Amino acid sequence: MLVLVLDSSTPAVTAALVEVTSDGLTPRAQRRTVDARAHGELLAPQVAAILAEVDARPTDLGAIVVGLGPGPFTGLRVGLVTAATMAQVLGVPAYGVCSLDGIGHPAAAGEPILAAGDARRREVYWAVYDGAGRRVAGPEVDTPADAARHARDLGVTAVVGDGAHRYADVFDLPLRAEPRYPDPTALAALAAERIRSGAPGDPLTPLYLRRPDAVAATARKPVLP
């Protein structure tokens, strides 16, 4: 089955095609551009490019996998809306996966690891994974210092992800170079059981972890001086 994988939870805008079979996964095509201000402009052309690369059409897709975040509202919703819209139009299921799982799961190598994404405002999104790549804490949003304290409390021995790169001096733990951003093949692997069983699609609820900056006014403003 040909599966489209999308993630727009980080500055990296990612679209990929992964072939999911009964006994494995095969990456077929991928496009990634790191640009925190152009998610909406980049994602659709990337989807078209990877389909053209493997001589496929949207109707050849059997499922869609998308990163649910955590991530900033504006960028994250681009991937989620694209996935939900395509799934509805094509009549295929869409499955959501925590985007940090696409970093921590493939980076785990027999020891606890913390995956961290840049949450801006001098904060990070983070989660902790055991040696088998299973998430055991998070996702949460904290200052790098607080995330580092949680990492020490949970016995973490290494860090990975864009947030870990940006605040390596604060974490003061061995830094894994890759994956810096969610790995699309890992996201597909984490949804593979649902894909193979033909499970119903997910509601694709985003993991914002923060309240919106803009809030509705709680009192009426006087219109007269």
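First, a word on scope: everything that follows refers to the structure included in this document. (Residues numbered from 1 in each chain as written. Predicted model: local features only at pLDDT ≥ 70, side-chain atom pairs only at ≥ 80, totals over all residues. Heavy atoms only, no water.)

## So, the nonpolar core
Core analysis: the biggest nonpolar cluster contains 26 residues, and Leu 4, Leu 6, Leu 17, Val 47, Leu 61, Ile 64 and Leu 204 have the highest contact counts within it. Broken down by element, this core gets its largest block of residues, six residues, from helix α2 (residues 73-90). (Core = buried A, V, L, I, M, F, W, Y, C linked by side-chain atoms within 4.5 Å. Buried < 20%, exposed > 50% of the residue type's maximum accessible area, 1.4 Å probe, protein only. Helix = DSSP H or I, 4+ residues; strand = E, 2+ residues; numbered from the N terminus.)

## As for the pairing of strand β6 (residues 113-118)
When you tally the buried positions in β6, you get six out of six residues, the bulk of the element. Sheet analysis places β6 next to strand β7 (residues 124-129), joined by six bridges and oriented antiparallel. The residue bridging Ile 113 from the neighbouring strand is Tyr 129, located in β7. Linkage of β6 to β7, two consecutive antiparallel strands, is achieved through a turn of five residues, within which Arg 120 is found at a positive phi near 60°. Bridge count between β6 and strand β9 (residues 158-160): three bridges; the pairing is parallel. (Pairing = 2+ DSSP bridges.)

## Quick notes on the pairing of strand β8 (residues 135-142)
The side chains of a regular strand alternate, first on one face of the sheet and then on the other. Bridging between β7 and β8 involves five bridges; their strand directions are antiparallel. Paired with Tyr 129 across the bridge in β8 is Arg 135. A loop of five residues connects β7 with β8, the two strands running antiparallel in sequence, and Gly 133 in this loop sits at a positive phi of about 85°.

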